[in-house]
Amino acid sequence: MKSRQLLLATLVAIGTLPSILWSTRPNVILVMTDDQGYGDLGCHGNPILKTPELDKLHAESIRFTDFHVSPFCTPTRAALLTGNHPAYTGAFRTSSGRTMMHPDEKTIAHLFSENGYATGLVGKWHLGDNAPHRPQDRGFQDVLWHKAGGVGQAPDYWGNDYFDDTYERATASNKKGTFEKFEGYCTDVWFREGIRFVEANREKPFFLYLALNAPHGPYLVPDEWAEPYRGNAEVPNANFYGMIANIDHNMGILRDRLDELGLAENTILIFMTDNGTSAGFELDRNDPVFGPLDSLPVSGYNAGMRGRKSSVFEGGHRVPFFIYWPNGGLTGGKDIDTLAAHIDVLPTLADLCDIQIPDTFDEDGISLKPLLDGNEESWKRTQHVVQYHGGAYGNAMPPGPLAYSVVMTERWRLVNSDGQYLFDIEADLAQRNNVASEHPEVVERLRGLYDPFWERVSPRMTPVRIALGDPAENPTALSSQDWYMETGNPPWNFNQIKKLPKVTGPWLVDVRRPGRYRITLRQWPAEADELVEAVRAKVQIAGQVEERVVKPGNKGVVFEMDLPAGLTELLTYLYNEQGEAGGAYFTEVERL
């Protein structure tokens, strides 16, 4: 195997890989939606939502029915792309400087590009907006993406609102990236660009990660998609359902185009989602035991499960996972009910595509190929741990052991792994009956399974830094979403920022090259062209502190400072006439 991989790498490097070998290697398209839960599909029993194209894929695919991700966006993406537990990668929350992976983490895009594949990302990244953490820094050769955790959030391009937006395009030859304006609804744009990538690389194997921002809020969609669900008292959010209906329509367009190009038979097509539903059911705000977030539905549909996005109960992290590959025999509408997870996707795809994973990946996941082959006897996993480090609102920081965790086996769920809640998931999918007192030996055994997980991830839950003065991104545009807060979340959306909250926090940075730097403080991004509402400004970095009077009509307060290379913190302050300070929510740092 190693000699074959060496030969393959050499042929790729000199551009002489035989076309016959290209033609036999499967393509991969991984489609992941954002905030669509297990119950947000017709094929999973939703009595109202119509998803005919996804229902068709479900009928034709191998389906993992006990497949688990993280309860929130960033952690799932980190695990999916590296095969490692999210906390091990360093990217285990959705803001507060904890969305970026350690630089030594290698992704599935590195793995596939180094083995002759064209690699593309279209859509949502949410693993860092600055070098060296952008998708083009992480192995993706063809990138079209929006920044932040959602379209219209603070780091995203100013003015984006799901319609006719501006996104960043980057390529292997232009890693700095350029912004382009697009016509149409965001999901339509992502699928259109995904098809463009497929067409451009149809003569060689490709890996496309089509990561949609929908149906993440704000729940915006053309009226034609939401209209069928309006006026129905059983629909918790008509726009949310409309966003999924639009995704479903686009999945049909994608599959039709693969057929027309003659690529459908030898393309591994995966459909999955990144966490539980965000709006597929109405919470029980009077749940006396678990609270609203972990409740059963009052109305809507959650496939019989408790909890939604950000919950460690079943509905927060059990998601659809369909895999379809005719040439590989992955067809026929078969269910696999074995416990599986996002960390298994990288090793599985490497196995299916005959790619050897280097030891440097050190992945936590296990290939699902034995299960796909019907060889359950060789399956090695007996448990899986999911933990939402810091809790849903960041009020349990710094993250510690046990809290907001679940230890899973085929039968059991130990929630908050201190033994507080134990559920027999095979008999009690809704997690109504806590049986911890009846099975203390199970609690003890599962509690013991948590410790190796914590020992694995906790040493890596350390700060990951943004580069300043990196030739790949100069200037660097920072936003308050990446302030490294001790607890809670920093201002991360414009509804918060427009109130000019009197809070600030540090950006943890790595000054790559010593020299003269220009630092520009703003309360709005440069393209917003808004005035700074402050009378005094201060910058603190690398042991230096400088202050300026803010002149009337100023749209950005500029400092120039000589910075040494190395690790440091950047803190900003903008003071009003009462002496109250908030940070510069948007700050540009340029090496001159």
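Analysis parameters
- Residues numbered from 1 in each chain as written.
- Predicted model: local features only at pLDDT ≥ 70, side-chain atom pairs only at ≥ 80, totals over all residues.
- Heavy atoms only, no water.
- Helix = DSSP H or I, 4+ residues; strand = E, 2+ residues; numbered from the N terminus.
- Rg over C-alpha atoms; globule rule 2.2 N^0.38 Å.
- Buried < 20%, exposed > 50% of the residue type's maximum accessible area, 1.4 Å probe, protein only.
- Contact = heavy atoms within 4.5 Å.
- Areas by Shrake-Rupley, 256 points an atom, 1.4 Å probe, with all protein chains shown as cover.
- Pairing = 2+ DSSP bridges.
- Axes fitted to C-alpha atoms, helices over the stretch in contact; angles between N-to-C directions.
- pLDDT = per-residue confidence, 0-100.
- Parallel < 35°, antiparallel > 145°, perpendicular 65-115°, else oblique.
- Left-handed = near helix turned anticlockwise from the far one by under 90°.
- Nonpolar A, V, L, I, M, F, W, Y, C, P; charged D, E, K, R; others polar.
- Expected span 1.5 Å × (residues − 1).
- Phe/Tyr/Trp six-rings, centres within 6.5 Å; stacked < 30°, edge-to-face > 60°.
- Salt bridge = Lys/Arg side-chain N within 4 Å of Asp/Glu carboxyl O.
- Polar contact = N/O pair within 3.5 Å; in protein donor to acceptor, adjacent residues only side chain to side chain.
- Disulfide = S-S within 2.5 Å.

Draft legend 1. Just the overall build of the protein, in detail. Looking only at helices and strands, the protein features 14 helices and 29 strands. Relative to the globule expectation of 25 Å for 592 residues, the C-alpha radius of gyration of the protein, 24 Å, shows essentially globular dimensions. Principal-axis analysis of the C-alpha atoms places the extent of the protein at approximately 70 × 65 × 50 Å. For the protein, with 592 residues in total, the buried portion stands at 62%. Within the protein, contacts between residues at least 6 apart in sequence are counted, and of these 68% link residues at least 24 apart. As presented, the protein carries roughly 21900 Å² of accessible surface, and 49% of it is formed by carbon and sulfur atoms.

Draft legend 2. Inspection of the sheet that holds strand β17 (residues 405-408) at higher detail. With antiparallel pairing, the four strands of this open sheet are ordered in space as β16-β17-β18-β19. Because the sheet does not close on itself, it has two edges, and the strands there are β16 (384-387) and β19 (421-424). Strand-to-strand twist of the sheet, defined as the mean angle between neighbouring strand axes without regard to direction, takes the value 15°. Bridge analysis of β17 against strand β18 (residues 412-415) gives three bridges, and the strand direction is antiparallel. Within the sheet, the bridge partner assigned to V406 lies in β18 and is V415.

Draft legend 3. View of the sheet that holds strand β15 (residues 340-341). A sheet is described by the order of its strands in space; here three strands give the open sequence β12-β3-β15, paired in mixed fashion. Single-partner strands in this sheet number two, and they are β12 (318-319) and β15. Strand direction decides the pairing type here: strand β3 (residues 67-68) and β12, joined by two bridges, are antiparallel. Following the sheet pairing, H68 is matched in β12 by R318.

Draft legend 4. Local environment of the pairing of strand β29 (residues 586-591). Sheet topology places strand β21 (residues 476-479) next to β29; four bridges connect them, and they run antiparallel. Along β29, the bridge assignment pairs A477 with E588. Bridge analysis of strand β23 (residues 515-522) against β29 gives six bridges, and the strand direction is antiparallel. Residue pairing for β29: R518 is matched across the bridge by E590.

Draft legend 5. Here's a closer look at the confidence of the model for the protein. The predicted model of the protein has a mean per-residue pLDDT of 94, with 96% of residues at 70 or higher. Ranking the elements of the protein by mean pLDDT puts helix α1 (residues 2-14) last with 49 and strand β1 (residues 27-33) first with 99. For residues 14-22, every residue scores under 50 in pLDDT, and the model assigns this stretch 13 contacts once sequence neighbours within four places are set aside.

Draft legend 6. Spotlight on the environment of K50. Structurally, K50 is set in the loop between β1 and α3 (52-60). The residues touching K50, leaving out its near neighbours within four places in the chain, are Y229 and A245.

Draft legend 7. Inspection of the packing of helix α7 (residues 186-200) against helix α9 (residues 238-260) at higher detail. Running from N to C, α7 and α9 point in directions that differ by 15°, and their axes come no closer than 10 Å. It follows from the interaxial angle that α7 and α9 lie roughly parallel. As for the relative orientation of α7 and α9, their crossing is right-handed in sense. Contacts between α7 and α9 involve T187, D188, F191, I195, V198 and E199 from the first element and N246, I247, N250, M251, I253, L254, R257 and L258 from the second. Across the contact of α7 with α9, the residue classes break down as eight nonpolar, three polar and three charged.

Draft legend 8. Representation of α7 within the structure. The end-to-end C-alpha distance of α7, which contains 15 residues, comes to 21 Å, matching closely the 21 Å that a straight helix rising 1.5 Å per residue would cover. Within the span of α7, buried status applies to C186, T187, V189, W190, F191, E193, G194, I195, F197 and V198. The inward-facing, buried residues of α7 abut β1, β4 (118-124), β5 (142-146), β6 (166-171), β8 (206-211) and α9.

Draft legend 9. Geometry of the packing of aromatic side chains. For the coordinates displayed, the defined rule picks out 32 aromatic pairs. Ring centres of F67 and F321 lie 4.3 Å apart, and the angle between their planes is 15°; this geometry places the pair in the stacked category. Residue F67 is located in strand β3, and its partner F321 is located in strand β13 (residues 321-324); the two are separated by 254 residues in the primary sequence. For the pair formed by F67 and F321, the shared burial category is buried.

Draft legend 10. Just the pattern of salt bridges, in detail. This structure, assessed with the given rule, holds 40 salt bridges. The closest approach of N and O atoms between D287 and R306, which form a salt bridge, is 3.3 Å. Of this pair, D287 sits in the loop between β10 (281-282) and β11 (299-300) while R306 sits in the loop between β11 and α10 (314-317); the two residues are 19 residues apart in sequence, bridging distant segments of the chain. For the residue pair D287 and R306, the accessibility class agrees, reading buried in each case. By sharing partners, the salt bridges in this structure join D142, R169, E180, E193 and R196 into a single network.

Draft legend 11. Examining the packing of α3 against α9 more closely. The geometry of α3 relative to α9 is characterised by a closest axis approach of 7 Å and an angle of 55° between their N-to-C directions. Classified by the angle between their axes, α3 and α9 sit oblique to one another. Mapping the contact onto sequence places P52, E53, L54, K56, L57 and E60 in α3 and D248, M251, G252 and R255 in α9. Across the contact of α3 with α9, the residue classes break down as four nonpolar, one polar and five charged.

Draft legend 12. Molecular detail of the environment of L531. Positionally, L531 belongs in the loop between β23 and β24 (536-541). Its relative accessible area of 43% is what places L531 among the partly exposed residues. Spatially, the C-alpha atoms of L531 and V503 are 19 Å apart, while their sequence positions differ by 28 residues. When neighbours within four sequence positions are excluded, L531 is seen to be in contact with Q523, W524, G553, N554 and K555.

Draft legend 13. Molecular detail of the side chain of H44. Tracing the backbone through its elements, the reader meets H44 in the loop between β1 and α3. Its relative accessible area of 12% is what places H44 among the buried residues. From its side chain, H44 meets the backbone oxygen of Y38 in a polar contact 2.7 Å long. Discounting chain neighbours no more than four positions away, the residues touching H44 are Y38, H58, Y301, A303, P320 and F322.

Draft legend 14. Summary view of the state of the cysteines. Summed over all chains, the structure comprises zero disulfides. Free cysteine: C186, not disulfide-bonded; nearest cysteine sulfur from C73 at 14 Å.

Draft legend 15. Molecular detail of the pairing of strand β27 (residues 566-575). Of all ten residues in β27, seven are buried, a share of seventy percent or more. Here six bridges tie β24 to β27, and the two strands are oriented antiparallel to one another. Looking at β27, one finds that Q540 is bridged to L571. With two bridges connecting them, β27 and strand β28 (residues 581-582) associate as antiparallel partners. Following the sheet pairing, Y575 is matched in β28 by A581. Joining the antiparallel neighbours β27 and β28 is a turn of five residues, in which G579 adopts a positive phi near 85°.

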